[in-house]
Amino acid sequence: MKIKTIIGGLIGATLLVSSCSTPKNVTYFPELYNGSMVQAERILDIRVKPEDKLSIVVSTQDPSLNSLFNLVSTQNRIEQTTSSTKTVGGAASGGSSQLSLYTIDSYGDINFPVLGKLHIAGLTRQQIAEKIAEDLMKSALVKDPIVSVEFANAGVSIIGEVKSPGRYEFNKDHLTIIDAIAMAGDLTMNGMRENILVMRNLGGGRQEAYRVNLLNAQELASSPAFYLQQDDMIYVEPNDKAKRETTPNGNTPYTPSFWVSIGSFAVTIATLIITLTR
């Protein structure tokens, strides 16, 4: 009976320790403390590429000239958004004006009113605005034009273990992977935080893969995938627990009730052996 009690106590202590252990792969950036500094290796700007759509609005001091440089009827500037995929370029609120967009062709060009064909692939929004303003002033058509450039279809796809998977459009020059994950409502508890896949579209059918770790702030900031590009795809892989749930036995061997059953069986066998050897 004494041996049976000792065995039962050891099993109970083991179960207690295992049930009280705290997972170490759930909390983001556990190494950071008050005043910690994290530095990204480089800031990656969004640069336009073929098939991107842009809103380009030219404003001049002479309203009668504005129609020369803008496509059809142009809405107000597209406001910044971090919402789920939506239609950009539909009817404006409070009116029937239609937002006309420029689509970058396969050569990286657009046809701009008066100026003609402009090569803008690889440029940032600011660089495009400066180029158009400079070309307009060189043409002696206007003085000091104000050029506004906005992304119209820049977005990233987020799938896997996040609360709201889908495609999310954005209109900002710098989008981090943390921004994107926040748009999708954060990872679920089953998401593998230390091994997130980012697939980057390089054009011509080529994609480059990156793996990022949300458990280490500096490692994440040093990744080329810390700043996202349009059409990036983020995949959050399920952790081992979620993967086991797809099998018939699932996580049964990892539940307390399973080990209690094993412990009871072991005590029974030990008691039987002791009884038979007396």
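Refer to the structure presented above.
Residues numbered from 1 in each chain as written. Predicted model: local features only at pLDDT ≥ 70, side-chain atom pairs only at ≥ 80, totals over all residues. Heavy atoms only, no water.

### Digging into the overall build of the protein chain
Consideration 1: Within the protein chain, the regular secondary structure consists of 7 helices and 12 strands.
Consideration 2: Across the 278 residues of the protein chain, 36% fall into the buried class.
Consideration 3: Of the contacts made within the protein chain by residues no fewer than 6 positions apart, 64% connect residues no fewer than 24 positions apart.
Consideration 4: Looking at the protein chain as shown, the accessible area adds up to about 16,300 Å², and 56% of this sits on carbon and sulfur atoms. (Helix = DSSP H or I, 4+ residues; strand = E, 2+ residues; numbered from the N terminus. Buried < 20%, exposed > 50% of the residue type's maximum accessible area, 1.4 Å probe, protein only. Contact = heavy atoms within 4.5 Å. Areas by Shrake-Rupley, 256 points an atom, 1.4 Å probe, with all protein chains shown as cover.)

### With respect to the sheet that holds strand β10 (residues 206-212)
Consideration 1: Pairing in this open sheet of 5 strands is mixed, and the strands run β7-β6-β12-β9-β10 from one edge to the other. Two strands bound the open sheet, and with one partner strand each, they are β7 (166-169) and β10. Neighbour-to-neighbour, the strand axes of this sheet turn through a mean angle of 20°, independent of strand direction.
Consideration 2: As paired elements, strand β6 (residues 155-160) and β7 share 4 bridges and run antiparallel to each other. Bridging from a neighbouring strand, valine 156 pairs with tyrosine 168 of β7. (Pairing = 2+ DSSP bridges. Axes fitted to C-alpha atoms, helices over the stretch in contact; angles between N-to-C directions.)

### A look at unusual backbone geometry
Consideration 1: For glutamate 51, which is not glycine, the phi torsion reads 80° and is therefore positive.
Consideration 2: Checked against the element boundaries, glutamate 51 lands in the loop between α1 (2-20) and β1 (53-59).
Consideration 3: What makes glutamate 51 exposed here is its relative accessible area of 65%.
Consideration 4: Its identity is not glycine, yet aspartate 186 carries a phi of approximately 80°, on the positive side.
Consideration 5: With respect to the helices and strands, the residue aspartate 186 is situated in the loop between α4 (177-183) and β9 (196-203).
Consideration 6: Given the relative accessible area of 29%, aspartate 186 is considered partly exposed.

### Comments concerning the side chain of glutamine 229
Consideration 1: When you line up the elements, glutamine 229 lands in the loop between β11 (227-228) and β12 (233-236).
Consideration 2: A distance of 3.0 Å separates the side chain of glutamine 229 from the backbone oxygen of aspartate 45, its partner in a polar contact.
Consideration 3: Among residues more than four places away in sequence, those in contact with glutamine 229 are Leu44, Asp45, Ile46, Arg47, Val156 and Arg200. (Polar contact = N/O pair within 3.5 Å; in protein donor to acceptor, adjacent residues only side chain to side chain.)

Any functional reading would require information that these geometric values do not contain.
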